[in-house]
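What the coordinates show
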Amino acid sequence: MQAKVRTVAFQGVDVLPVDVQVLIAPGNVAFAMVGLADKAVGESRERVRATLRAMGLVLPPQRVTVNLSPADLAKEGSHYDLPIALGLLAAMGVIEAGSLADYVVLGELALDGTLSRVPGVLPAAIAARAAGRGVICPAVCGGEAAWSGGGGGLREGLDTDSTDQPPIIAAPSLLALINHLRGKQALSPPEALMADDRALYPDLAEIKGQESAKRVLEVAAAGGHNLLMIGPPGSGKSMLAARLPGLLPPLEPEEALEASMVRSLAGDLGEGRLSRRRTFRDPHHSATLQALVGGGRYAKPGEVSLAHHGVLFLDELPEFSRATLEALRQPLETGRVTVARAAAHVTYPARFQLVAAMNPCRCGHLMEPSRACGRSPRCGADYQGKLSGPLLDRIDLAIDVPAVAAADLALPPPAESSVDIAARVAAARVVQRDRLVELDRKGKLVAVEADLAAGLFSERARNWSKPRCNADTDGALLATIAEPDAEGRALLSRAAERLGLSARAWHRTLKVARTLADLDGSNAVRRLHIAEALSYRRPQPRAALAA
């Protein structure tokens, strides 16, 4: 008696096919599992036994062999429980083996036979639908799997045609699934649901003073620029950063799907509802390099990937380890992160907007002579020296956030709210999107080569480097959209010589100037825009000490 069930293994966002082959044959009574399975997969033997016992079934007194093919591919995770159980039931004749031929199966078994949530259902379902197969998964993952065929508010962004394909079966328990496959019970198809995105963000109107910082926050939101805020404790840096997501436009359909795929792999998709809210990740400064950029034994996605198309906020920036911060340099440039391990070489998307905050020195009062420590200004140079020049060169906007004066605290709340600023940001983003679409139509956007390291999603990986706002542009594209007028170019040339700007800093200054022009409704980048962009450009925060 033999049966085969299809399931998957994950390597990054790549979904690799795996066959669960079950053989029940005469011999010594045993339950052997082969195929490079990790401990979680090996423990499925006990969960499967308990589930069958709960349904009144027992394994035959014969030798049971389960082979996970290909045998040289590492298998890890509890989602192999359900395909192993179905393979056993098919080999025992409880269900027809042919009823599983067109499905990819994944799910974890509880001891009473109910099916529990597993990570990675969304990318697995997308891969299955691309191959023309259906999906069998737990009911709690059904909404997640339903997005593989398009639906709801994201249908316009998906190109998957689910016509004449096997359906998605989302079962609450193994018994209900057996009855459905045998035609004794009909399980309703899952619905693709959107998360409730009406939750309110903190409002910028709650912050008194800091008008310059609010202006820079608007520029960062409009162009997707990286931002560094430097100021004493209690000046409002963290409050400003927390209000940035409320200024950003909602995710486009493709962006929402990409971000949800990564969250699904990390088991962080909640109830399987997709959201168009931009993620705001704020890891503690004790986070390790692997936690931030991804890694571990099985190369899991890190914070930079979980913040894909969202905001990564690093508070107390110099308190992060030097190696951890330096690891941000590649994803800040490329929008992806490649994690190389002896057992795996995987690529994750990492197109995030970096927002960082720091004190000017360890005590935090470097610029306040009456409160500064006895080591000033040396303590400031040592503290800020923890940040390397190459990392700071990748930050477009660097501003001082001074302490709020008592006179500002006594004033009534400002009249301008986050809604007002978000409207200007949205208008600027529309201008950028329309400009890029027009350039693409004219063939002026350089095609991004498919990333073979992304495997099945190599074509989708093109989107990771696709320019979506001014911060994503570079090279010839940037020269096309951000060429300043004669006065602006002369100013930028003089400033580059005096400030010693690198080529990267030159281009990032142009990106910020282009965003300022978009906010002003100007087609041309003028001298005024270059001047304001240069005012936010500091090669190193230590420059403030020299002044």
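Residues numbered from 1 in each chain as written. Predicted model: local features only at pLDDT ≥ 70, side-chain atom pairs only at ≥ 80, totals over all residues. Heavy atoms only, no water.

Thoughts on unusual backbone geometry
Of the consecutive residues Ser 69 and Pro 70, the connecting peptide bond is found in the cis state with omega at 5°. With respect to the secondary-structure elements, Pro 70 resides in the loop between β4 (63–69) and α3 (81–92). Positioned with a positive phi, Leu 36 is a non-glycine residue whose angle comes to about 60°. You can see Leu 36 is positioned in the loop between β3 (30–34) and α1 (39–42). Of note, the phi angle at His 309 is positive, near 65°, even though the residue is not glycine. Checked against the element boundaries, His 309 lands in the loop between α11 (303–306) and β12 (311–314). The exposure class assigned to His 309 is buried, which follows from its relative accessible area of 5%. (Helix = DSSP H or I, 4+ residues; strand = E, 2+ residues; numbered from the N terminus. Buried < 20%, exposed > 50% of the residue type's maximum accessible area, 1.4 Å probe, protein only.)

A few points about the pattern of salt bridges
A complete count under the given rule lists 31 salt bridges for this structure. Residue Glu 218 pairs with Arg 424 through a salt bridge whose shortest N-O separation is 2.8 Å. Residue Glu 218 is found in helix α7 (residues 211–223), and its partner Arg 424 is found in helix α17 (residues 418–441); the two are separated by 206 residues along the sequence. Glu 333 is paired through a salt bridge with Arg 504; the nearest N and O atoms lie 2.9 Å apart. With Glu 333 in helix α13 (residues 329–334) and Arg 504 in helix α20 (residues 503–520), this residue pair connects regions lying 171 residues apart in the sequence. On the basis of relative accessible area, Glu 333 is assigned to the partly exposed category, the value being 32%. Note on Arg 504: relative accessible area 28%, which makes it partly exposed. One salt-bridge network, held together by shared partners, links Glu 333, Asp 393, Arg 394, Asp 396, Arg 504, Arg 508 and Arg 537. (Salt bridge = Lys/Arg side-chain N within 4 Å of Asp/Glu carboxyl O.)

Structural notes on the packing of aromatic side chains
The geometry of an aromatic ring pair is captured by the separation of the ring centres together with the interplanar angle, meaning the angle of the planes. All told, the structure shown has one aromatic pair when counted by the stated rule. Centroid distance Phe 280 to Phe 313: 6.0 Å. Interplanar angle 25°. Geometry classified as stacked. Taken together, the residues Phe 280 in strand β11 (residues 280–281) and Phe 313 in strand β12 connect sequence positions 33 residues apart. Classification of Phe 280 as partly exposed rests on a relative accessible area of 26%. (Phe/Tyr/Trp six-rings, centres within 6.5 Å; stacked < 30°, edge-to-face > 60°.)

A few points about the environment of Leu 36
Expressed as a C-alpha distance, the spacing of Leu 36 and Asp 72, which sit 36 residues apart in the sequence, is 6.5 Å. If near-sequence neighbours (up to four positions away) are discounted, Leu 36 is found in contact with Ala 71, Asp 72, Leu 73, Ala 74 and Lys 75. (Contact = heavy atoms within 4.5 Å.)

Overview of the nonpolar core
Core analysis: the biggest nonpolar cluster contains 49 residues, and Leu 227, Met 229, Leu 240, Val 355, Leu 397, Ile 399 and Ile 530 have the highest contact counts within it. In terms of nonpolar packing, the next biggest core, distinct from the first, is built from 41 residues, Val 5, Val 41, Ile 84 and Ile 169 among them. (Core = buried A, V, L, I, M, F, W, Y, C linked by side-chain atoms within 4.5 Å.)

Some thoughts on the state of the cysteines
Applying the stated criterion across every chain yields a total of zero disulfides. For the unlinked cysteine Cys 137, the closest cysteine sulfur is that of Cys 141, found at 5.8 Å. On the accessibility criterion, Cys 137 (0% relative accessible area) is buried. In this model Cys 361 remains outside any disulfide bridge; the closest cysteine sulfur is found in Cys 363, 3.4 Å from its own. (Disulfide = S-S within 2.5 Å.)

Remarks on the packing of helix α19 (residues 486–499) against α20
Running from N to C, α19 and α20 point in directions that differ by 145°, and their axes come no closer than 11 Å. Handedness of the α19/α20 crossing: right-handed. Each of Arg 489, Leu 492, Ser 493 and Ala 496 in α19 lies in contact with α20, whose residues at this interface are Trp 506, Thr 509 and Leu 510. Its residues placed into classes, the contact of α19 with α20 shows four nonpolar, two polar and one charged. (Axes fitted to C-alpha atoms, helices over the stretch in contact; angles between N-to-C directions. Left-handed = near helix turned anticlockwise from the far one by under 90°. Nonpolar A, V, L, I, M, F, W, Y, C, P; charged D, E, K, R; others polar.)

Focus: the sheet that holds strand β15 (residues 353–358)
Taking strand neighbours across the sheet as the criterion, the five strands line up as β11-β12-β15-β10-β16 in an open arrangement whose pairing is parallel. Of all strands in the sheet, those with a lone pairing partner are β11 and β16 (397–400), marking the two edges. Examined bridge by bridge, strand β10 (residues 227–230) and β15 share four bridges and lie parallel to one another. Of the residues in β15, the one forming a bridge with Leu 228 is Ala 356. Contacting β10, β15 and β16, α7 crosses the sheet at an angle of about 165° to β16. (Pairing = 2+ DSSP bridges.)

Considerations on the packing of helix α2 (residues 44–54) against α3
The interhelical angle for the contact between α2 and α3, taken along N-to-C directions, is 55°, at an axis separation of 10 Å. Put simply, α2 runs oblique to α3. Where α2 crosses over α3, the two elements pack in a sense that is right-handed. In this structure, α2 contributes Ser 44, Arg 47, Val 48 and Leu 52 to the contact, and α3 contributes Asp 81, Ile 84, Ala 85, Leu 88 and Leu 89. (Parallel < 35°, antiparallel > 145°, perpendicular 65-115°, else oblique.)

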